[in-house]
Structure formats: structure tokens, C-alpha cells
Amino acid sequence: MELTQTFLRGKNPCAAGYRWFVRNGLSGKDYQNAMDTQVRAGRIEDARWLLENFGSTSTVLELDHLEADHFVYAGTLIVHGDIRVPGQLLVGRSLQVGAGIRAGKLEVGEDIHSQGAIFAEALLQAGGSIKAAWGVEVQGDIRAEHLRTGWALHCAGKVELRGEAIIGQEVQVQDSLQCAKGLRAGADIEVQGLLETGQGMTAQGHIVCGNHIQAGWGIRAQGDIRAACSIRAGESLHAEGEILAGEGYGVYAGMNVQMQAWPDCAWVRALRKPQGLVSGWWDESTDLRLHMA
């Protein structure tokens, strides 16, 4: 794709960016070449503007390793080794990495696949799925369709997923975690803000939340289910430990099930009957203390 002055003006660029484009003779240059020139000149936001306004390409770039202050590529980027980009790493299509990724801000138009760990300072964002064979650690927000890790998930910001999350070990999120589908973790789930899933939620450890816990389907934990506010499940609630809502808040099961179906689809099971149980089917025979006696 060649960029002409007329073509560029049609996108209403800022005056300063347009003048720099013309002054540096980028008119008629290849789209990727123009972005490379902008990045080398430190004009990373101009390169971002080009990528956002002219979109991705079908080109593929393969590298053994990638180390740069910033990097912008409009097509698919394949790196056989590791990536170290302390600034912005922007990829128009997919990113495939044979080792780990360490970036300041990582934004990809489609999928991110890493055979190692992913570390990002400001943002981790993908238009499709994020898959890491090891862990994911982000100091800012995470936004994607699906998220899958072999190890832990640590996020200092928000996690917003249009699909599901499958995490191999523990989940620690300092803000909110919202999945349009399900959430599954191989250890504890600890979220300081709202914890919400459109489908089910399971943990091989505790589920602990500093706000509300909400699931469209059931919630199951091998340990406790504890929230500072309410606990709400569209179907059943099951904890091998205790189910504890915040003081003055309720525990709700069967929110999306007719009351006559509660014994089958909205049962509540825990070491003891939760205080503030508002809805759902509690049968004393399901009290786990009776089976441990």
C-alpha cells in the first residue's frame, strides 16, 4: 500500500503529523516503510495513528529475536526467540513468539501466542485470544477475547474478556475481572474489585473477592467462597470450605433458575449453611460436616 498526500488528508490527520509526513518525503512510500521511519524518528503515536486508520496487512515478518525501544508492524509478526520492547509493541494482525514477551504496552489486532511468559507494563490487549505457555503478568489492564495461561495470572489493573479464561495456577487481580463466558483456575482466585462471569466459575483453591461475586451459571471452589459484598450464582454454589458474603449482604443461588428446579439446578453445598442465604436449595444432608463426622 502506497501513502499519498491526498490519501492521507482524507483521514483528517493532525496538522503537525501531516507536516512532518510531507517534510520527510513519505508521500508515495510503502505503508510499512512510512511507519518504520516514524518509529525511528521517535514519532510512535504517528505510527499508531497510521495503523489505526489504515489497518492491518497480509504481510508476514519472521525474526529470530526482537529487541527495540518501540516496534510497529501492520501484518503478522513471528519471532522464534524472545521479545524485549520496553515501549510500545503494536501488531496489526497476529503475534507468535517462540519464547517470552516483555513489553511496555502490547497491542495486537488478532491473537497472541507465546511459548513462554508474557510481561507488560501498561497494557496487554488482543483482538482475539491470548495464550501463554507460562504465566501472564501485567501492571495495567488486560483486554482480549479469550485468555489461557499455563501458569499464574497477575494483573494490577482490570481484566476484561469477551470470552473465557483458563488459568493454570492462581489468579490475582487488583481491580475487576469480568469474563463474558467462564473462568477456571488451577489454584486460588483473588480479585479486589468486581468478579463477574457470564457462565461458570471454578477454582482448585479459594475464591476471594473484595467486591461482589457474580456468575451466570454455577460457582465451585475446592476451598472457601468469600466476598466483601454479595455472592450471586445463576445456578448452584459449591464450596469444600465455607461460603461467606460481606456483613449485611446476601448469598444467592438459582438466580437464573425457576424455584421448582432449585433442588436439581440451584443447590448450595458447603461446610455449613451460609449466613444470609436468600435463595437456592439447602439440604441439611448436603452439609459437608455430616460427611466428615
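Residues numbered from 1 in each chain as written. Predicted model: local features only at pLDDT ≥ 70, side-chain atom pairs only at ≥ 80, totals over all residues. Heavy atoms only, no water.

### Thoughts on the pairing of strand E9 (residues 118-126)
Just so we agree on the cut-off: For two strands to pair, DSSP has to find at least two bridges joining them. Secondary structure follows DSSP: runs of H or I at least 4 residues long count as helices, runs of E at least 2 residues long count as strands, and numbering of each begins at the N terminus.
For strand E7 (residues 101-108) and E9, the ladder comprises seven bridges, and the chain directions are parallel. If you follow Leu106 over to E9, its bridge partner there is Leu124. Sheet analysis places E9 next to strand E11 (residues 136-138), joined by three bridges and oriented parallel. Counterpart to Phe119 in the pairing with E11 is Glu137.

### A look at helix H4 (residues 44-54)
Under the convention used in this document: In this scheme, a residue with accessible area under 20% of its type's maximum is buried, one over 50% is exposed, and one in between is partly exposed, where area comes from a 1.4 Å probe on protein chains only.
Within H4 the residues assigned to the buried category are Ile44, Asp46, Ala47, Arg48, Leu50, Leu51 and Phe54. With its phi angle positive at about 80 degrees, Gly55 sits one or two positions after the end of H4.

### A few points about the environment of Thr202
Our working rule: Contacts are assigned to residue pairs with any non-hydrogen atoms lying within 4.5 Å of each other.
Locating Thr202 in the fold gives a position in strand E22 (residues 201-203). On a C-alpha basis, the gap between Thr202 and Gly186 in space is 8.6 Å, while along the polypeptide they are 16 residues apart. Here Thr202 is in contact with Leu183, Arg184, Ala185, Ile189 and Arg220, once residues within four sequence places are set aside.

### Considering the packing of aromatic side chains
For clarity, the cut-off: Working definition: rings of Phe, Tyr and Trp (its six-membered ring) pair if their centres are within 6.5 Å, and the pair is stacked with planes under 30 degrees apart, edge-to-face with planes over 60 apart, and tilted otherwise. Here, a charge over a ring is recorded when the distance from Lys NZ or Arg CZ to the ring centre is within 6 Å and its angle to the ring normal is within 35 degrees.
This model, assessed by the stated rule, comprises three aromatic pairs. Here the aromatic rings of Trp49 and Phe54 are separated by 6.2 Å at their centres, their planes lie at 75 degrees, and the arrangement is edge-to-face. You can call Trp49 partly exposed: its relative accessible area is 24%. On the basis of relative accessibility, which here comes to 10%, the residue Phe54 falls in the buried class. An aromatic cluster of three or more residues is present, and its members are Tyr31, Trp49 and Phe54. Its end group placed over the ring of Tyr252, Arg232 keeps NZ or CZ at 5.4 Å from the ring centre. Above the ring of Trp267, the side-chain terminus of Arg269 is found at 3.9 Å from the ring centroid.

### Considering the sheet that holds strand E16 (residues 165-167)
Taken in spatial order, the 12 strands of this open sheet run E1-E4-E6-E8-E10-E13-E16-E19-E22-E25-E28-E31, and their pairing is parallel. Of all strands in the sheet, those with a lone pairing partner are strand E1 (60-63) and strand E31 (268-269), marking the two edges. In this sheet, strand E25 (residues 219-221) lies alongside E22 in parallel orientation, the contact comprising three bridges. The residue of E25 that forms the bridge with Thr202 is Arg220.

### Considering the side chain of Asp224
Note the following rule: We call two N or O atoms a polar contact when they sit within 3.5 Å, provided that within protein one can donate a hydrogen and the other can accept it, with sequence-adjacent residues counted only if both atoms are side-chain atoms.
With respect to the helices and strands, Asp224 occurs in the loop between E25 and strand E26 (225-227). Here Arg226 takes part through its side chain, which lies 2.9 Å from a polar atom of the side chain of Asp224. Setting aside anything within four residues of it in sequence, one finds Asp224 in contact with His206, Ile207, Gly241 and Glu242.

### A few points about the pattern of salt bridges
Heads up, the rule is: Salt bridges, as used here, are contacts in which a Lys or Arg side-chain nitrogen is within 4 Å of a carboxyl oxygen on Asp or Glu.
Applying the stated criterion across every chain yields a total of nine salt bridges. Glu110 is the partner of Arg93 in a salt bridge, and the nearest nitrogen-oxygen pair spans 3.9 Å. Of the two residues, Arg93 sits in the loop between strand E5 (83-91) and strand E6 (95-97) while Glu110 sits in the loop between E7 and strand E8 (112-114), which places them 17 residues apart along the sequence. Among the residues examined, Arg93 registers a relative accessible area of 30% and is labelled partly exposed. A relative accessible area of 35% means that Glu110 is categorised as partly exposed. As a salt-bridge pair, Arg143 and Asp141 come within 4.0 Å of each other at their nearest N and O atoms. Through salt bridges that share partners, Glu45, Arg48, Glu52 and Glu107 make up one connected network.

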